[in-house]
Structure formats: C-alpha cells, structure tokens
Amino acid sequence: MTGSESSATRRRFLAASAAAAAVGLAGCGSDDQTRYGWNDVETPTRKGLTDAAMTTDGPYAVGESGLVLTRRGDEWQTVVQNGPDGSNNGLSGVDVTDDGRKLWICGSSGALGRYDVVAGELTDFTAPRQKTSSWTDVAVDGSGGSEQVYVVNSSGELLPGRWGGQRMNWAEVTKPTGGESAAAVDTAAGVVYVTDTGGGVYRHDENSGDGWTAAGVRGVDASLRDVAAVDGDLVDVAADDGSIYVYNGYNWLQLRAGEHPLHAVDRDRHRGLAVGNDGSAHAIQENNWQTESTPTTKTLQGCALGNESHSDVAVGNDGTILERFG
C-alpha cells in the first residue's frame, strides 16, 4: 500500500473520513427494514465465506468452492462460481489494488487469480512457480497495471510478484516465518508484514532491501489470524485469544477486544473493524476498540471497511453477510 492517509489499507481501496449515513449507501433499503448498526442481509449461498474487500465497484467476498460474490444494486450476486481455474478449490484471501479496480484472490491447491471488477474478467494464475500448497492470504500494493502482489501459504512461504507488461513477473520464494504456517500478509508504504500461527510477526522493508526480521509479538501465546498495516509503523494484528495487538513502530500494545477468538481485522488511520467467533464484532470508536452487537452467532471470518458509497461488511460461516449502516 502507499502509506498516505488516504491510500489503500488491507482489503479496501479508499479511506473513509467518517461512517457514511445509511441513506444513499449501497445495500441500504428504502424501507424501514434497514436498521442502524449491523444488519444480516440476504445472500445467494450457504457456503462459508472467508474474506472480504472493498473495491471501486463495491464490496466483494470469497469463500468455499471458489465462490466470489459482490453486491450489485440491492442484492449480493455470484460473479465467480468455481474459482480462478474452475476446480472448485476454496478461497481463503482477497485484496484489492489501490485504485480499487483489480481484485486478487487466493486459496487451496495453489488457487490464485486476478479479477477486473470493471470489465468483469478473471485471469487465472493458479500454481505460480509450481506452488500448489494452499495459499492462506494475499496482499496487494499499488494501482492496477503496476501492482505488487504477495501471497503466503501453509508451508510458511511468501511468493512476491509484480504485474507489468500484461503479465506477472514472479520473484523468488522466501520463508519469513522460518517454516511456521503463515496466517496473513499485508503491506503498506513498501513494508510487508506476515503473521504466523505460532504468534510471530515478521517485517520486510522493500525500500531498504533488508531481509526479513522478527517484529514481535514478544511473549504472546496465541495464533495471530490477521494483520492490517496502515503504514510501515502502524499495524494491527487480530489474535485467537480475543486480543488486538497494535504496533506503533516501537512497541506492541495488547488490547483486549473481547472473549471470542478473532479472525479478521481491517484498518485505516481513523477507523477499524475486527470480527470473530459467535458473531463478535469490534469497531474503533473515539480511538478505542469497542464491542458492537450483531444479529448473528455465526463465526465471522472476514471484514472490510466501507466508504462514502458502501457500508462496512463482515462475512462468515454458512454464507453469512452482515452490513453496518449509520
């Protein structure tokens, strides 16, 4: 990501200056059924949804059997049925270019693809460099047409690549976690962060060319499920002990968001979302993480901050989609 206050952070392309009002937001009904706060909306699937991202065309979600969904008008629709290579491999991660126009998706058996949200075209990059391990997450930096892509897998490997000249140029594979299964990856201002299931966070600065270094979290006894980098020195990590760990460039601060394990976090400089088991959701209010009520007890696996035109989104088990208005 670019690192400026208005540039893209994890799974979104535009930093909203404040929560948009319910009236006029995509996904808001014109009747009285839409309520302030989190709403459970109709979905075209009962398959599990694992991650979400905000694009220039609105929110997208990915999930089991290679599903890719988006909201169009007043409803969520399926835009990809069987994954990037048509093999029904489940998808686990999604991220979007800074301009919100190109969506990268990843998942089981090396599944990897690039979806043009404007043209509605999907390009298959499954098993780059013959890697068929399950990709657990993907992060994207830069605008469509020149984006840098990072994918991590269950073997602790990270594969970087850059789009250029109508093709992907894949670099060498590294193992930032030392072999521990990589859970999540994010990038901002040329700095890449990777978390693993053993409680480690690893940092690489593309600007300096330095190698991977252990960035924390010291003494944590939890699996770190997701990471959201706002810039090179402001990072939030969601953990399965219900905590959000915040890095300020010098130290880690543990914030106890709740009792339920967390699976996803999304941040910009002023706003944040985190979601997890039993429908748990937390949002930044007045610079503090606060628990919010949701209408579901389903486990929420992914979330994406909204913008001036679209509401915040959380997705999870059994096709659950929540939208946050107001």
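Below is a summary of the structure that appears in this document. None of these values were measured; they are calculated from a predicted model.

Turning our eyes to something else, we now look at unusual backbone geometry. Where the residue is not glycine, phi is negative for most of them; where a peptide bond is considered, it is trans in most cases. Cis geometry marks the peptide bond from Gly216 to Val217; its omega dihedral reads -10°. Examined against the element boundaries, Val217 turns out to sit in the loop between strand 17 (213-216) and strand 18 (224-231). Of note, Arg129 is a non-glycine position whose phi angle comes to about 55°, a positive value. Along the chain, the position of Arg129 falls in the loop between strand 9 (121-124) and strand 10 (135-141). Note on Arg129: relative accessible area 37%, which makes it partly exposed. The backbone of Asp318 shows a phi angle near 60°, a positive value even though the residue is not glycine. Tracing the chain through its elements places Asp318 in the loop between strand 27 (312-316) and strand 28 (321-325).

Looking now at the pattern of salt bridges. Counted by the stated rule, this structure contains 14 salt bridges. Several salt bridges converge on common partners, so that one network encompasses Arg271, Glu292, Asp312 and Arg324.

The subject of this paragraph is the packing of aromatic side chains. Here the structure, examined in full by the defined rule, presents four aromatic pairs. Seen from their ring centres, Tyr60 and Tyr115 are 5.9 Å apart, and the 55° between their planes marks the pair as tilted. Of this pair, Tyr60 sits in strand 3 (residues 58-63) while Tyr115 is found in strand 8 (residues 112-116), placing the two residues 55 residues apart along the sequence. Look at Tyr60 and you get buried, because its relative accessible area is 0%. Classification of Tyr115 as buried rests on a relative accessible area of 4%. On the numbers, 5.9 Å between centres and 90° between planes, the contact of Phe125 with Trp163 is edge-to-face. Of the two residues, Phe125 sits in the loop between strand 9 and strand 10 while Trp163 sits in strand 12 (residues 158-164), which places them 38 residues apart along the sequence. Ring-pair connections join several aromatic residues into one group, and the members of that group are Trp104, Phe125 and Trp163. Of note, Arg114 hangs over the ring of Trp163, and the distance from its end group to the ring centre comes to 3.7 Å.

Further remarks concern the nonpolar core. Across soluble globular proteins, nonpolar side chains show a tendency to be buried alongside one another. If you look at the biggest cluster of nonpolar residues, it comprises 17 residues, and the most contacted ones within it are Tyr193, Val201, Leu224, Val235, Val237 and Tyr245. Those residues in contact with Val201, other than ones at most four positions away along the chain, are Tyr193, Val194, Thr195, Thr213, Ala214, Ala215, Gly216, Val217, Leu224, Val237 and Trp252.

Attention shifts here to the sheet that holds strand 4 (residues 68-72). Pairing is antiparallel in the open sheet, where four strands are placed in the order 2-3-4-5. The sheet terminates laterally at strand 2 (49-55) and strand 5 (75-80), the two strands that pair on one side only. Taken over all neighbouring pairs, the strand axes of this sheet differ in orientation by 30° on average, direction set aside. In terms of strand pairing, strand 3 meets strand 4 through three bridges, oriented antiparallel. When the bridges of strand 4 are listed, Ala61 appears paired with Leu69.

Ordered in space as 14-15-16-17, the four strands form an open sheet in which the pairing is antiparallel. Edge positions in the sheet fall to strand 14 (182-188) and strand 17, since each of these pairs with one other strand and no more. Looking at each pair of strands side by side, their axes are set apart by 30° on average, direction ignored. One ladder, built from three bridges, connects strand 16 (residues 201-205) with strand 17; its direction is antiparallel. Considered in strand 17, the bridge of Tyr202 is made with Ala214.

Looking now at the side chain of Thr55. Relative to the helices and strands, Thr55 is located in strand 2. In this structure the side chain of Thr55 is engaged in a polar contact, spanning 2.9 Å, whose partner is the backbone nitrogen of Asp57. Of note is the side chain of Thr55, whose polar atom sits 2.8 Å from the backbone oxygen of Gly58.

Relative to the helices and strands, Lys102 is located in strand 7 (residues 102-107). Not counting residues within four places of it along the chain, the set of residues in contact with Lys102 comprises Asp95, Val96, Thr97, Arg114, Tyr115, Asp116, Gly144 and Glu147.

On the secondary structure map, Thr174 appears in the loop between strand 13 (167-170) and strand 14. Judged by relative accessible area, Thr174 falls into the partly exposed class, the value being 30%. Note: C-alpha distance between Thr174 and Trp212 (38 residues apart in sequence) is 9.0 Å. Sequence-distant contacts of Thr174, that is, excluding residues within four places in its chain, are made with Gly156, Glu157, Leu158 and Trp212. Only 3.4 Å separates the side chain of Thr174 from the side chain of Trp212, close enough to count as a polar contact.

Rules and cut-offs
- Residue positions are given per chain, counted from 1 along the sequence in the order it is written.
- Residue-level local features of this predicted model are given only where pLDDT is at least 70; pairs of side-chain atoms are given and counted only at 80 or more, and the full residue set underlies all totals for whole chains, interfaces and linings.
- No hydrogens and no water enter the side-chain calculation; it runs on all heavy atoms of the structure.
- Helix numbers and strand numbers start at the N terminus; a helix is a DSSP run of H or I with at least 4 residues, a strand a run of E with at least 2.
- Three exposure classes are used, based on accessible area relative to the maximum for each residue type with a 1.4 Å probe and protein chains only: buried under 20%, partly exposed in between, and exposed over 50%.
- In the sections that follow, a salt bridge refers to a side-chain nitrogen of Lys or Arg positioned within 4 Å of a carboxyl oxygen of Asp or Glu.
- Classification of ring pairs rests on two measures: the distance between centres of Phe, Tyr or Trp rings, Trp counted by its six-membered ring, which must be within 6.5 Å, and the angle between planes, read as stacked under 30 degrees, edge-to-face over 60 and tilted in between.
- Sitting over a ring, as applied to charges here, requires NZ of Lys or CZ of Arg to be within 6 Å of the ring centre and within 35 degrees of the ring normal.
- Buried Ala, Val, Leu, Ile, Met, Phe, Trp, Tyr and Cys residues form a nonpolar core when they are joined through side-chain atoms within 4.5 Å.
- Pairs of residues are marked as contacts when any of their non-hydrogen atoms sit within 4.5 Å.
- Should DSSP find at least two bridges between two strands, the strands are taken to pair.
- Axis geometry follows a simple rule: fit a line to the C-alpha atoms, using only the stretch in contact for helices, then measure angles between N-to-C directions, giving values from 0 to 180 degrees.
- Definition of a polar contact: a pair of N or O atoms within 3.5 Å, with one able to donate and the other able to accept a hydrogen when the atoms are protein atoms, and with sequence-neighbouring residues admitted only if both atoms are side-chain atoms.

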